Amino acid sequence: MAEAPLKVFDFNHIDSSLSPGTIEMLKNLYTYYHKKHYGYEKLYRGFQKKNLLCNVVAGKAIITSAVAGGITLNPIVFASLTGFGLVVKAVANFKKYDKKTEKANFARVEYKKIIDSIRFYLMGEPFNEKTFLDKLKMVDDFISDHCMEIPAKVNQKYSKRFTTI
């Protein structure tokens, strides 16, 4: 049984002094940046899990090799488990999961700040459109230059999970 999609706009107060055009623009921006935040959140969690898994497996293999090698006094056991642990650690370093985690976290945090700002503007905080849009362009340019793209698979999951109605 498929669950009903969640609403993107999970807040209920919009200041009545805002013009309908401003409200529509802010809602469109909120929808766009909510999707970006969701995508980078998924990337961040995925890279975090992969990095942790590689580090735990590598550490466990090396520790097991020390214990098993000491008990059996067999250098083949020691060498094979240590080699496996070092290969797993090398793969983690080669894939640069730690750097990818940092970059995805940076993008996630920046997009969270943006959607929080939009929420405050919708609730009546003073809004300067030009300044805000310039800030959004700077953040988008920086993230597109320094961070990876969100995979299409994540965007499809977002579309299945959220509705903008």
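Above this text is the structure in question.
In this report, we go over the structure that sits alongside the text. Remember, predicted model here, so these are calculated numbers, not experimental data.

How each quantity is defined
- Residues numbered from 1 in each chain as written.
- Predicted model: local features only at pLDDT ≥ 70, side-chain atom pairs only at ≥ 80, totals over all residues.
- Heavy atoms only, no water.
- Patch = residues over 30% accessible without salt bridge, like charges linked within 9 Å, V, L, I, M, F, W, Y side chains within 5 Å.
- Areas by Shrake-Rupley, 256 points an atom, 1.4 Å probe, with all protein chains shown as cover.
- Salt bridge = Lys/Arg side-chain N within 4 Å of Asp/Glu carboxyl O.
- Helix = DSSP H or I, 4+ residues; strand = E, 2+ residues; numbered from the N terminus.
- Axes fitted to C-alpha atoms, helices over the stretch in contact; angles between N-to-C directions.
- Parallel < 35°, antiparallel > 145°, perpendicular 65-115°, else oblique.
- Left-handed = near helix turned anticlockwise from the far one by under 90°.
- Contact = heavy atoms within 4.5 Å.
- Buried < 20%, exposed > 50% of the residue type's maximum accessible area, 1.4 Å probe, protein only.
- Phe/Tyr/Trp six-rings, centres within 6.5 Å; stacked < 30°, edge-to-face > 60°.
- Lys NZ or Arg CZ within 6 Å of the ring centre and 35° of its normal.

## Notes on a nonpolar patch on the surface
Taken together, the side chains of Leu53, Val57 and Phe84 define a hydrophobic patch exposed on the protein surface, amounting to about 270 Å² of accessible area. Position of Phe84 among the secondary structure elements: in helix α2 (residues 75–95).

## A few points about the packing of helix α3 (residues 97–122) against helix α4 (residues 129–146)
Where α3 meets α4, the axes come as close as 10 Å, and the angle between the chain directions of the two elements is 165 degrees. Regarding the angle of α3 to α4, the classification is roughly antiparallel. For the pair α3 and α4, the crossing hand works out as left-handed. Listed contacts from α4 to Lys103, Phe106, Ala107, Glu110, Tyr111, Ile114, Ser117, Ile118 and Tyr121 of α3 are Phe132, Lys135, Leu136, Val139, Asp140, Phe142, Ile143 and His146.

## Topic: the environment of Asp140
Within the element layout of this structure, Asp140 appears in helix α4. Put simply, Asp140 and Glu110 are 30 residues apart on the chain and 9.4 Å apart in space, counted from C-alpha to C-alpha. Every residue in contact with Asp140, bar those within four places of it in the chain, is listed here: Tyr32, Tyr33 and Tyr111.

## With respect to the pattern of salt bridges
The tally for this structure, following the rule as stated, stands at 6 salt bridges. Across the salt bridge formed by Arg45 and Glu41, the nearest N and O atoms sit 2.9 Å from each other. Here the residue Arg45 and the residue Glu41 both occupy positions in helix α1 (residues 20–72), the gap between them amounting to 4 residues, near one helical turn. Taking relative accessible area as the criterion, Arg45 reaches 36% and is therefore assigned partly exposed. Here Glu41 falls in the buried class, since its relative accessible area comes to 18%.

## Some remarks on the packing of aromatic side chains
Summed over the entire model, instances satisfying the criterion amount to 11 aromatic pairs. Between Tyr38 and Phe162 the ring centres are 5.6 Å apart and the planes differ by 80 degrees, which places this aromatic pair in the edge-to-face class. Of this pair, Tyr38 sits in helix α1 while Phe162 sits in strand β2 (residues 162–163), placing them 124 residues apart in sequence. The residues Tyr38 and Phe162 share a single accessibility class, namely buried. With a centroid separation of 4.9 Å and an interplanar angle of 55 degrees, the aromatic rings of Tyr121 and Phe127 are classed as tilted. Of the residues examined, Phe127 reaches a relative accessible area of 22% and is grouped as partly exposed. Following the ring pairs from residue to residue traces out a cluster consisting of Tyr32, Tyr33, Tyr40 and Tyr111. Across from the ring centre of Tyr44, 4.8 Å away, lies the NZ or CZ of Arg108, which sits over that ring.

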